[in-house]
Amino acid sequence: MEGIQDVAGALGLMIGIGMLLSAVTAPQVASLIQPLIEVIIPTSPLMYILVFTLLSPLAIYRGPLNVWGLGSGIAALIVAGGMAPVAAMLALRIVSNLQAVSDPTNSHNVWIADYTKTDIIETLRKTLPWMFVAVMISMIIAGMIAF
């Protein structure tokens with residue numbers, strides 16, 4: 001019974017991702033979001049590195065740059081807006097590393113905080129600066145590969 005309880009949230013999330021992807025890529029929604037996406041699509045390696053590094057916290061809490069959330073739809077819109085698919089997926093995958101380690105909604109972080117009897121936000125505070133640096137270094141490498 002505890003196993004079902006522990007994975008129910010993740011299972012619901014996986015089902016919801018499909019629905020989000022369908023919604024964001026629907027022509028009615030895409031036509032509204034696409035102009036905004038096209039304005040912020042970086043066209044140089046430096047802007048690519050800066051934009052995705054600075055926006056990387058938007059992957060936390062299943063935000064718009066989280067590949068396991070709305071990020072899949074955003075990636076499709078970024079590619080449709082003119083960014084190379086490899087560059088878009090590298091960026092989204094890299095910023096998802098910040099989410100994977102620091103996000104207080106991740107099951108493993110909740111389990112660790114519960115086991116160590118610490119506040120989950122403390123985990124976020126302690127890991128976020130390190131992951132921000134890791135994202136920046138990874139984005140520099142991705143910028144050299146993608147451009």
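The structure we're discussing is the one just above.
Residues numbered from 1 in each chain as written. Predicted model: local features only at pLDDT ≥ 70, side-chain atom pairs only at ≥ 80, totals over all residues. Heavy atoms only, no water.

### Considerations on the overall build of the protein
Spelled out, the test is: Starting at the N terminus, helices and strands are each numbered in turn, a helix being any DSSP run of H or I of at least four residues and a strand any DSSP run of E of at least two. Both definitions apply: the radius of gyration is a C-alpha atom measure, and the globule rule equals 2.2 Å times residues to the power 0.38. We call a residue buried when its accessible area falls under 20% of the maximum for its residue type, exposed when it is over 50%, and partly exposed in between, using a 1.4 Å probe and counting protein chains only.
Helix and strand counts for the protein come out as seven helices and zero strands. Secondary structure elements in the protein, listed N-terminal to C-terminal, are α-α-α-α-α-α-α. Here the C-alpha radius of gyration of the protein, 16 Å, is about what a compact globule of 147 residues would show, namely 15 Å. Viewed in the frame of its principal axes, the protein has a C-alpha envelope of about 45 × 35 × 20 Å. Evaluated residue by residue, the protein yields a buried proportion of 35% over its 147 residues.

### Concerning helix 4 (residues 71–80)
The periodicity of an α-helix, 3.6 residues per turn, causes residues three or four places apart in sequence to face the same way. Of the positions making up helix 4, those classed as buried are G71, G73, I74, A75, L77 and I78. A positive phi of about 120° marks G82, the residue just after helix 4.

### A few points about the side chain of N106
The condition is simple: We call two residues in contact when some of their heavy atoms are within 4.5 Å.
Structurally, the position occupied by N106 is in the loop between helix 5 (85–102) and helix 6 (107–116). Here N106 falls in the buried class, since its relative accessible area comes to 5%. If near-sequence neighbours (up to four positions away) are discounted, N106 is found in contact with R62, Q99, A100 and V101.

### Quick look at unusual backbone geometry
Even without glycine at this site, K117 takes up a positive phi of about 55°. For K117, the position within the fold is in the loop between helix 6 and helix 7 (120–146). Under the relative-accessibility criterion, K117 is labelled exposed at 69%.

### Quick look at the packing of aromatic side chains
Our working rule: Pairs were defined over the aromatic rings of Phe, Tyr and Trp, the Trp ring being its six-membered one, requiring ring centres within 6.5 Å. Orientation was assigned from the angle between planes: stacked under 30 degrees, edge-to-face over 60, tilted for the rest.
The tally for this structure, following the rule as stated, stands at two aromatic pairs. With 5.5 Å between their ring centres and 70° between their planes, Y48 and F52 make a pair best called edge-to-face. Of this pair, Y48 and F52 are both found in helix 3 (residues 45–54), four residues apart, which corresponds to roughly one turn of the helix. The buried category is assigned to Y48, whose relative accessible area is 0%. One aromatic cluster is present, built from ring pairs that chain together Y48, F52 and F147.

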